[in-house]
There are 2 protein chains.
Amino acid sequence: MTDRQAGAAALLVANETFYRAFVARDIAQMESLWSASAFVGCIHPGWSALRGREPVIASWRSILGSGQSPRVVCANPTAHMLGDAGFVLCEERVGPAVLIATNVFSLERGVWKMVHHHAAPVAQDTFVVVPGSEGEESSLN
Amino acid sequence: MTDRQAGAAALLVANETFYRAFVARDIAQMESLWSASAFVGCIHPGWSALRGREPVIASWRSILGSGQSPRVVCANPTAHMLGDAGFVLCEERVGPAVLIATNVFSLERGVWKMVHHHAAPVAQDTFVVVPGSEGEESSLN
């Protein structure tokens, strides 16, 4: 395994940690995962952007603390390295609904920390396959 | 101006280049902006993820070549550096509609190249201000 492959594997583990904390409503784990030193941002489905650790963590406390946060299952994640940063693209399945997410991480002292989350619903009725994308899309199934 | 500030300023210029190419339907400029060496991804509003340069560029050729692509105005961009990577959060205004975008870039031989674009509508009726976010949100106005 190359360093790059090992990095991508660790990035996927960090992504899994995010969804485990989400499903378990583990606020401490969620807070620990998000970077405390870099800028952080978060775009919940249908929301505008939250910028900065305070509103981002407050939103997670509100969501996870409500006892009504959805059971989100992460599917088909792919990890993409950019030096000491990286991002994961994945589906979020909530019952029959499918959302798509961009999760950005930063490597801080050897640990991947979340710096940005952006999730949005996939509109089934407007799903478009463009020329050349068939092979890529089928990998999502 | 620090190196970091200069980097963030250059990142905002790359982000502007994206929206200029979008509005001008300049396919050559759009193709040039997207990285040709790194993994690239793209999530158009309501779409699932396109993964890889071929489907991403094909989608832009289709959108910009249709002659019906929307006039997108970028508003309130903020740039966030992650070493030789970075991301921009911004609004996209299309007439009365407001979308929110995450644009990820990678520094390649001194030039910021786009590696990921994720845009999604902001649902005005579900807009939620969480505790602690008021100050952050007002900066979007």
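To keep things clear, this report deals only with the structure shown in the data block. (Residues numbered from 1 in each chain as written. Chains lettered and ligands numbered in written order. Predicted model: local features only at pLDDT ≥ 70, side-chain atom pairs only at ≥ 80, totals over all residues. Heavy atoms only, no water.)

1. Quick notes on the nonpolar core
Our working definition: Only buried Ala, Val, Leu, Ile, Met, Phe, Trp, Tyr and Cys residues count toward a nonpolar core, and they belong to the same one when joined by side-chain atoms within 4.5 Å. Accessibility here uses a 1.4 Å probe with only protein chains present; expressed as a share of the type maximum, an area under 20% marks a residue as buried, one over 50% as exposed, and anything in between as partly exposed. Contacts between residues were defined by any pair of non-hydrogen atoms, one from each residue, lying within 4.5 Å.
In this structure, Phe18(A), Trp34(A), Trp60(A), Phe18(B), Phe22(B), Trp34(B) and Trp60(B) are the most contacted members of the largest nonpolar core, which totals 76 residues. If we skip the residues at most four places from it in the chain, Trp60(A) touches Phe18(A), Phe22(A), Met30(A), Trp34(A), Cys42(A), His44(A), Gly65(A) and His117(A).

2. Quick look at the packing of aromatic side chains
Residue and element names in this part refer to chain A. Test applied: Stacked, tilted and edge-to-face are the three classes assigned to paired rings of Phe, Tyr and Trp, where Trp is represented by its six-membered ring and a pair needs centres within 6.5 Å; plane angles under 30 degrees give stacked, over 60 edge-to-face, the rest tilted. Secondary structure counts use DSSP, requiring at least four H or I residues in a row for a helix and at least two E residues in a row for a strand, with both numbered from the N terminus.
Under the criterion given, the structure shown has 10 aromatic pairs over all chains. On the numbers, 6.0 Å between centres and 70° between planes, the contact of Phe-18 with Phe-22 is edge-to-face. Highlighted residues: Phe-18 and Phe-22, both in helix α1 (residues 3-24), separated by four residues, approximately one helical turn. The pair formed by Phe-18 and Phe-22 is uniform in burial state, with each residue classed as buried. Relative to Trp-60, the ring of Phe-22 lies with its centre 5.1 Å away and its plane at 80°, an arrangement referred to as edge-to-face. Separated by 38 residues along the polypeptide, Phe-22 in helix α1 and Trp-60 in helix α3 (residues 53-65) bring together distant segments of the chain. Given a relative accessible area of 7%, Phe-22 falls into the buried group. Here Trp-60 falls in the buried class, since its relative accessible area comes to 2%. In this structure an aromatic cluster arises from ring pairing among Phe-18, Tyr-19, Phe-22 and Trp-60.

3. Section: the environment of Asn15(A)
Tracing the sequence through the fold places Asn15(A) in helix α1. Setting aside chain neighbours within four positions, we find Asn15(A) in contact with Cys74(A), Pro77(A), Val88(A), Cys90(A), Asn103(A) and Phe105(A).

4. Quick look at the environment of Leu12(B)
Among the secondary structure elements, Leu12(B) is positioned in helix α1 (residues 3-24). For Leu12(B), the residues in contact, after removing those within four places along its chain, are Pro77(B), Thr78(B), Ala79(B) and Val88(B).

5. Here we look at unusual backbone geometry
Residue and element names in this part refer to chain A. With a phi close to 55°, Arg-25 is a non-glycine residue in the positive phi region. Of note, Arg-25 is situated in the loop between α1 and α2 (27-33). Positive phi is not limited to glycine here, since Arg-109 has a value of about 50°. Tracing the backbone through its elements, the reader meets Arg-109 in the loop between β5 (97-108) and β6 (111-121).

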